[in-house]
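Take a look at the letters that make up each chain.
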Amino acid sequence: MNQYETVLHHIFNDFKTFENSGKKATYIPELAHVDENLFGVSLTCLNGTQISLGDAHQPFSIQSISKVFSLVLAYNILGEDLWKRVDVEPSGDTFNSLILLELELGIPRNPFINAGAIVLADILISHLQNPKEDFLKFIHQLTNDHSIQYDLKVFNSEKSVAYRNYSLINLMKSFGNIHNDIDTVMDFYFRMCSVNITCEQLSKAVLFFANDGVHPISKEQILTPKGNRRINAIMQLCGFYDEAGEFAYRVGLPGKSGVGGGIMAIHPGLYSVVVFSPKLNKKGNSTKGMAFLERLTSELNNSIF
Ligand code: DON
């Protein structure tokens, strides 16, 4: 057993009795059906060694973690021009807030709040030939696993209740920051959020963020080293919405959460880690996932700070 394996097993066992005050996301009706006791962890080292525990093989809804993949694709297309359409500042606000968007004339604070990711979806629709297919292909390329798919039930479920997201896109359209048809953009945004993925697959998919943008298993260059630094910085400052400060303080790694209960985090030069536990805290981040990662970096004594 290597050091990570020993520590992960030991923390995982302790967390079997974790008192979880969180609540599953139910605003997307389909997510209310998920078993709230699921708990999986997968850590992948740069040499490809993967340590997986609990429900690490159980697919879950990627939700906002998809925003890191759409950001990589959009950044690779537009480069620094991307920042004319979306900013890189923490929002200090909920993921679906409308307030700043009105004050800041339709330019979202960052690419990880819903408004920012809707702009990313708009950009990808303008530049990709087959956005839906190309996005999934990118995930297949990163995981070398072609079984990963969109979940149409989750897609339809979210679409049927997405009043706030439609408000966001309408507001941005009124400011000229959405170039395509609103329904086309929203359908693509909901698709990306509906990807079903396991901890193991996701941990492998994001490993390039820990390796200067080069996927250490396939050796493919996914991002330039500069782009990689930029996106890791945005994850650190904006990956957890109005809890980004708390995550930096307690865990100390760049990362991204989703309301499906997943959290992924990166230790540059060392590993990627994904935790899945559906119950969320009031800020929309997995309660147990965050506590688990706090224990992990404390016991390994190796946050980025
Ligand atoms: O647009 C939404 O509300 C969801 N598809 C994604 C939100 C999300 O995952 C926020 N993350 N914690």
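## Some words on the pattern of salt bridges
Under the definition given, this model contains 12 salt bridges. One salt bridge in this structure joins Lys226 and Glu80, with 3.8 Å as the shortest N-O distance. Linking Lys226 in helix 10 (residues 225–238) with Glu80 in the loop between helix 2 (66–78) and helix 3 (99–103), this pair joins segments that are 146 residues apart in sequence. Looking at Lys226, the relative accessible area reads 36%, which means it is partly exposed. The network of salt bridges with shared partners includes Asp14, Arg295 and Glu299.

## Observations regarding the environment of His10
In this structure, His10 sits in helix 1 (residues 3–14). Residue class for His10 comes out partly exposed when judged on its relative accessible area of 39%. Distance in space between the C-alpha atoms of His10 and Leu296 is 10.0 Å, their sequence separation being 286 residues. Apart from residues lying up to four places away in sequence, His10 is in contact with Arg295 and Glu299.

## Describing the environment of Leu207
When you line up the elements, Leu207 lands in the loop between helix 9 (199–205) and helix 10. Looking at Leu207, the relative accessible area reads 0%, which means it is buried. Residues Leu207 and Leu237 lie 30 residues apart in sequence; the distance between their C-alpha atoms is 19 Å. Not counting the four nearest positions on each side in its chain, Leu207 is found in contact with Thr44, Cys45, Leu46, His215, Pro216, Ile217, Tyr271 and Ser272.

## Comments concerning the side chain of Lys256
Relative to the helices and strands, Lys256 resides in strand 6 (residues 255–257). Despite being buried, Lys256 has no salt bridge partner; Asp242 is the closest side chain of opposite charge, sitting 10 Å away. Within the structure, the side chain of Lys256 is placed 3.0 Å from the backbone oxygen of Gly239, a separation counted as a polar contact. If near-sequence neighbours (up to four positions away) are discounted, Lys256 is found in contact with Ser64, Ile65, Val68, Phe112, Gly239, Phe240, Tyr241, Gly262, Ile263 and Met264.

## Considerations on the pairing of strand 8 (residues 271–276)
On any regular strand, side chains alternate: one points to one face of the sheet, the next to the other face. With 6 of 6 residues buried, strand 8 is to be regarded as a mostly interior element. Going residue by residue along strand 8, you find Tyr271, Val273 and Val275 tucked away on one face and Ser272, Val274 and Phe276 tucked away on the opposite face as well. Where strand 1 (residues 40–45) and strand 8 come together, 6 bridges link them in antiparallel fashion. Residue pairing across strands places Ser42 opposite Val274, the latter belonging to strand 8. With 6 bridges connecting them, strand 7 (residues 262–267) and strand 8 associate as antiparallel partners. Directly across from Gly262, in strand 8, lies its bridge partner Phe276. Hairpin connection of strand 7 to strand 8: 3 residues between the antiparallel strands, including Gly269 at a positive phi of 85°.

Criteria and thresholds
- Residues numbered from 1 in each chain as written.
- Predicted model: local features only at pLDDT ≥ 70, side-chain atom pairs only at ≥ 80, totals over all residues.
- Heavy atoms only, no water.
- Salt bridge = Lys/Arg side-chain N within 4 Å of Asp/Glu carboxyl O.
- Helix = DSSP H or I, 4+ residues; strand = E, 2+ residues; numbered from the N terminus.
- Buried < 20%, exposed > 50% of the residue type's maximum accessible area, 1.4 Å probe, protein only.
- Contact = heavy atoms within 4.5 Å.
- Lys, Arg positive; Asp, Glu negative; His and termini not counted.
- Polar contact = N/O pair within 3.5 Å; in protein donor to acceptor, adjacent residues only side chain to side chain.
- Pairing = 2+ DSSP bridges.

Bear in mind that shape data such as this cannot, by itself, settle questions of function.
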